[in-house]
Amino acid sequence: MRVGILGPLRVAGGEVGGARVRALLVRLALDPGRVVTAGRLIDDLWPDDPPAHPMAALQSLVSRTRREAPGLIGSHPAGYLLDVPPEEVDARAFERLVREGDVRAALALWRGPALADAAGLPFAAGPAARLEELRLTALAARIASDLDLNGDGEPAAEREGRAAEMGELVAELEGLVAAHPLREPFHALLMRALTARGRRGEALALFERIKAALADELGADPGPELRQAHLEALRDPAEQQAPRNNLPARLTRFVGRADDLRRVGAALAESRLVTLVGPGGAGKTRLALEVAAGLAARDGVWLVELAPAASVRAAVEDVLKATGLMEGMFEARNLGAALRGTAPVIVLDNCEHVVEEAARVARELLSEVAGLRVLATSREPLDIPGERLHQVLPLPEGPAAELFADRAAAARPDLVVTRAEAERVCRELDGIPLAIELAAARLRTMPMSVLVEQLGDRLAFRGGRTSEPRHRTLRAVIDWSWNLLSERERELLRGLTVFSGGATYEAVARVCGGDPDLLSSLVDKSLIAITGDRYTMLETIRQYAAADLPEVRRAHARYYTELAEAAEPHLRTGAQLAWLAILDAERDNLDAALRHTDDPLRLVLPRFWPWIVRGRWREAAEQAAAVLARVGEVAPPGRELAHGLCVALTGGGISQAVRESDHPAALNAFVLGSSMAPPGEAVALAERALARLREHPDLWTRSAALLAAGVTRFEYGAVTGAADLLEPALAGFRETGDRWGQWAALYWLSLVAENRGDFAAAVALGEEPERLAAELSGLETPLGPMTFLLRLGQLKGRAGDHAGAAEALDRAWAAATRVQDPDMMARVLHARAELARRGGDPGEAARLLERAMALGVETTAQFGALLRVELARVSRDPAGPLRGALELMAGCSDRTVRAAVLEGVAEHLAPLPAAELLGAARALRGIAESADPYVNGLIGRCAQALGVEECRAALARGSTLPDPEKHALECL
C-alpha cells in the first residue's frame, strides 16, 4: 500500500513529519483519486481556528506535503486530490477485502486506530467509527471461521483435538466481550465456543449476563444470534451432531467454473438472495451445488429441488422439517416465523416453472428471517427486492474443451481427443455444458469423426438412463422453457431466428415488430441474451425455434439492404470508423441478407466500398462470384454497375458501366485491383477517369480520381508526375476526413520518395499510414499495420536509424507470427538481413536470408528477386542469386523493383556495365538523379574509374536499353 491510514499514517512504507501534513494526507486519503475542494479542506483542517489567509495557508501546507511525500498530491482548479489508485490506500483495500469475504487479509492491514493522525479533528470521527465498526464485524467473521462454527465443521473428536487453539480463541473472545460489553455477535461467538468445549454452564451464564445488560442499558431483548446460541447451549450435544446439509455427493469432477464459483460466493457474502440465471443446460444447478458445498452457514445448507414440485412452500417445509430448525413450525403463524432466529442457507433449485410462488416464498423468508440466505437457480429472475443476479453463461472455449476432454475420457478412456477437436465440438455446441456432456457420452459408441458430423442434429443427443426427463435430450431442455412461453413470445422467438450474429432493438422492431416487453421477457427467460446494445441467441436455441418465415426473411433482407445503403455515403467522411463498426457488427446479418434477398445486386453495390476500405478483397471476390451465379451473365436493367463490379472482381474485365461510373468502388476497382486489367489499360482507365472527374462537384470524388491516376502513373507510367496528383488527393481526403484515402495517398507518396532515394522523407510520409491502416483494417489484411511496419523498418535502416529500424521490424515480426503469415514472416526476415548487413554483420544476414528462403513462400516475382539480390550481397558467389533475380524480372511490370534489381546487379559488375545498368534503373524510376547514398556511391565509383564524361555516356546508353535485364545477364 502506498498510503496507510489504518493506524499511524504511512506513505510508501515510511513515516511523514509534521502533524498538519499528516492530517492533510489522511483527509485526502478518505477520497483517493477524487478532488476535495479547497473550501472543504480548509474547514476540515482548521475547524475551530482558521488562519488569517486560509488559501495561502492551504497552498503552503500542500507545498510542504509535496516535499515530504513527492508525487502524491495532484492539483485541480477546484482543489486537490490524492493522485493514487483507490486500491493503494489501505482503508479502501480493507473495505474491498471485507466485501469479498477475505477477512483475514483485510484485518492484516490494521496497524492501530484508524485515522490516528487526524484524531480530534471532526472530519475523521465518522469515517474512523465506520471503519472500526467494519473491523469489528470482520473480526467476528474471522473468529467464527476459526471456530469452524459457521460451516459443516469437523467431527466432534477432531474438534476436541484442537483444544489449545480453541482455548486461545476463547481467551480472545473473552477480551472482546469485556471491551464491548453490549456487542451481541462477540457474546454469541463466545457462547458457541464455550458450548463447543463442553462448558455449557458458562455459556448459559454468559447469556443471562448479556440478557440483563441489554435490558438494563438498552431496554432490549437478545437478538436472533444470541437466542440461537442459547438454544444450542441448551440442546443435548448429540443433537448438535445432526447433518449440516442435504447436498448430494459429487459424481463427476467440477470443471471450468472457478471464476463463477468465486464470484457467487462473494455475492452471497454481500447479498442475502443470489439467483443464478441462464439458459437451460448451462450448469446452474451444478454451480449452485458447488457453491453451497463450500458455504459457511450456522444452521446448515439445505437444497430444495423444485423441478418436480407442485408447491414451493410445501417443498421447503418438507426439507426443513428434517433439519430440526422448525420444531415450533405448527405453532408459528407462517414459515418465516417458524425459522426466526436461525441462519441457514436455502438453495431453491429450478424455480422457473413455479417462479411466482418461488418469489413469494423467498421474499417472505428473507423478510422474516434476518440470518437466512437464499441461493436460487432459475431461467428467469425472481424479481424481488434485494435480488442479485449472476449470469451463468456458456463456457468459454478453453474451459469448455477441458470439460469435453474430461467427460470423453470417462466415456472412452482409450480415445485420444486433441485440443483442436475438443474446441471445434464445443464451438459448435455453443459451449453449453449439458450439450458438451451429452456429446462426449456418444463417444462411447462412435468415433470422433462421426460425432462431428452429427453436431448439426444436436437436439437429439440423449443422456444416461438416470437423467431427469427434462435433461434427457437438448430438445427436452429447451422444451422445458418453450412450454412456459406465451404464444406471442414463441412467435417473436421464431422471428429472431432470422438474425445472424445478433441484432439491435431497432432491427428487431423493424423486422419482427417485437415490442420491448416481449423482448425483455425472452431475455429474462434466458432464451435470448443482451450484450451491449445487441440481442443474441445461442445456435442451439436457433435450431430449436427456426421456422420457415418468408415474410420475416424478406423484411430482414430489406432492412439490411437499407442499412448498407444508408451507411455507404458516411464511409468517406470523418464518421467512417463509427459506420464501419456498425457494418462490422452486422456482417453476419448482411451476409445472410445477401443470400436471401430477391435483389442481390442492389445489396452488393453498397457493400463493395466497406470491403475495399477494410482490405477484404478476397471476401468481396467470393461474394461477387456468388451473386453472379444467382443473377447470370447479363445485367438486369438498372443494375449494370453492380453487375459490372462483380464481373471485374471475379477477373472478367472492366465493363463500360464501371468505366463511366463515379461510384467509389468503380474508381478503385482499378487502383488496388489493377491486376484486373493490363498495365496500359489500367493507366488509360485512370487517366480517363481523371479527365472526366477532375472538376466533379464532390471533393471526395475529385480526390479519388487524382489518387487513381497518381497510383497508376507511379506503377506503370510517368513516375515523376505521380506526386503532383497524390499531394492534392491527400489534401482532399484530409478535408473530407476519409482515413482510407489519407493512408493510400500517404503510402504512395512515401513510395515516390523512396523511389527517388529520399529515405528520410519516405519515413516521415510512411509513419502516419500505420496508424490509419490499423484503425481501418487491423492486422489481418495485406495492407494492414504489418506492411507499414515492415516498410518503416526498411526505410529507417536505409536512412541510418538502425535502432528505429530494429524496433519497427520487431513489431512487424510479432504481428506476422501472431497471425501466422509465412509470407510476411519471410519479408521481415529479408528486411532484418538487410539491416544486419548494413550494421556490419554479413554472417547474421546470410543466416536470416536462409531462414526466409526456407519458408518457401516467394509469393511474388518481385519479392523473390529482391531476396536474391540481398543474398548475393552476403554470398561468396553472387552470380547465381543475381541470375535468378534477373530471370524473375522477365516480363515484370513493376518498374521500381526492376530498378532495384538492376542497381543490386551493378554493385557486382565492372564500372562500364555497372554505369549502363544504373542508367537503365534511372529510366525505370523516372528520375534524373537519385538521392540514395548507395546508388550515388556506385555512380561515383564508376565515374572515378571511367572518367566523368564516359560515365555520363554510359548512364545515357543504359537509359535507352530495350531489355536491360538481358543486358545484365550477358554481363554477369
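Predicted model only: the values in this text are computed from it and were never measured.

Enquirer: Would you mind showing me how to read the packing of aromatic side chains here?
Expert: Ring pairs (aromatic) are described by centroid distance and by the angle formed between their planes. Under the criterion given, the structure shown has 14 aromatic pairs. Their ring planes at 80° and their centres at 6.1 Å tell us that tryptophan 743 and tyrosine 747 sit as a pair that is edge-to-face. Here tryptophan 743 pairs with tyrosine 747, and both are found in helix α37 (residues 739-755), just 4 residues apart, close to one helical turn. Across the pair, tyrosine 747 and tryptophan 743 agree in class, each one buried. With a centroid separation of 5.7 Å and an interplanar angle of 80°, the aromatic rings of tryptophan 743 and phenylalanine 788 are classed as edge-to-face. One end of the pair, tryptophan 743, is in helix α37; the other, phenylalanine 788, is in helix α39 (residues 785-798), with 45 residues separating them in the sequence. Feature note: the residues Trp609, Trp700, Phe714, Phe733, Trp740, Trp743, Tyr747, Trp748 and Phe788 constitute an aromatic cluster, connected by ring pairs.

Enquirer: It is not clear to me how helix α22 (residues 487-496) should be interpreted in this structure. Could you clarify?
Expert: In an α-helix, one full turn covers 3.6 residues, which means residues spaced three or four apart are oriented alike. Burial in α22 covers these residues: Glu489, Arg490, Leu492, Leu493, Gly495 and Leu496. The inward-facing, buried residues of α22 abut α21 (474-482), α23 (505-512), α24 (516-524), α25 (539-545) and α26 (550-567).

Enquirer: Before we go on, may I ask you to explain the pairing of strand β4 (residues 73-76) in this structure?
Expert: Within a regular strand, side chains alternate between the sheet's two faces. Two elements, β4 and strand β5 (residues 79-82), share 4 bridges in a ladder whose sense is antiparallel. The residue bridging serine 75 from the neighbouring strand is tyrosine 80, located in β5. What sits between the antiparallel neighbours β4 and β5 is a turn of 2 residues.

Enquirer: Would you mind showing me how to read the environment of alanine 140 here?
Expert: Within the secondary structure, alanine 140 sits in helix α6 (residues 122-147). Residue alanine 140 is classed as buried on the basis of its relative accessible area of 13%. Separated by 95 residues in the primary sequence, alanine 140 and leucine 45 have C-alpha atoms spaced 34 Å apart. Not counting residues within four places of it along the chain, the set of residues in contact with alanine 140 comprises Phe186 and Leu189.

Enquirer: It is not clear to me how the sheet that holds strand β13 (residues 534-536) should be interpreted in this structure. Could you clarify?
Expert: Neighbouring strands of a sheet are bound in pairs by backbone hydrogen bonds; such pairs are parallel or else antiparallel. Reading across the sheet, the 3 strands line up as β11-β13-β12 and stay open at both edges, with antiparallel pairing between neighbours. Each edge of the open sheet carries a strand with a single partner, namely β11 (503-504) and β12 (529-531).

Enquirer: Looking at this model, I keep getting lost on unusual backbone geometry. Mind explaining?
Expert: Outside of glycine, negative phi angles account for most residues, and trans bonds account for most peptide bonds. Unusually for a residue other than glycine, leucine 115 sits at a positive phi of about 60°. Assignment of secondary structure puts leucine 115 in the loop between α5 (103-107) and α6. Judged by relative accessible area, which is 1%, leucine 115 ranks as buried. Positioned with a positive phi, serine 526 is a non-glycine residue whose angle comes to about 65°.

Enquirer: What exactly am I supposed to notice about the pairing of strand β6 (residues 273-277) here?
Expert: In terms of residue burial, β6 counts as a mostly covered element, since 5 of its 5 residues are buried. Side chains of β6 alternate between two faces, with Leu273, Thr275 and Val277 and Val274 and Leu276 buried alike. Here β6 pairs with strand β10 (residues 387-391) via 5 bridges, running parallel. Residue pairing in the sheet places threonine 275 in a bridge with leucine 389 of β10.

Enquirer: Whenever I open this one, the side chain of asparagine 589 confuses me. Can you help?
Expert: By the secondary structure assignment, asparagine 589 is in helix α28 (residues 587-596). In terms of polar contacts, asparagine 589 uses its side chain to reach the side chain of tyrosine 560, at 3.2 Å. Those residues in contact with asparagine 589, other than ones at most four positions away along the chain, are Val498, Phe499, Ser500, Gly502, Arg534, His556 and Tyr560.

Criteria and thresholds
- Residues numbered from 1 in each chain as written.
- Predicted model: local features only at pLDDT ≥ 70, side-chain atom pairs only at ≥ 80, totals over all residues.
- Heavy atoms only, no water.
- Phe/Tyr/Trp six-rings, centres within 6.5 Å; stacked < 30°, edge-to-face > 60°.
- Helix = DSSP H or I, 4+ residues; strand = E, 2+ residues; numbered from the N terminus.
- Buried < 20%, exposed > 50% of the residue type's maximum accessible area, 1.4 Å probe, protein only.
- Contact = heavy atoms within 4.5 Å.
- Pairing = 2+ DSSP bridges.
- Polar contact = N/O pair within 3.5 Å; in protein donor to acceptor, adjacent residues only side chain to side chain.

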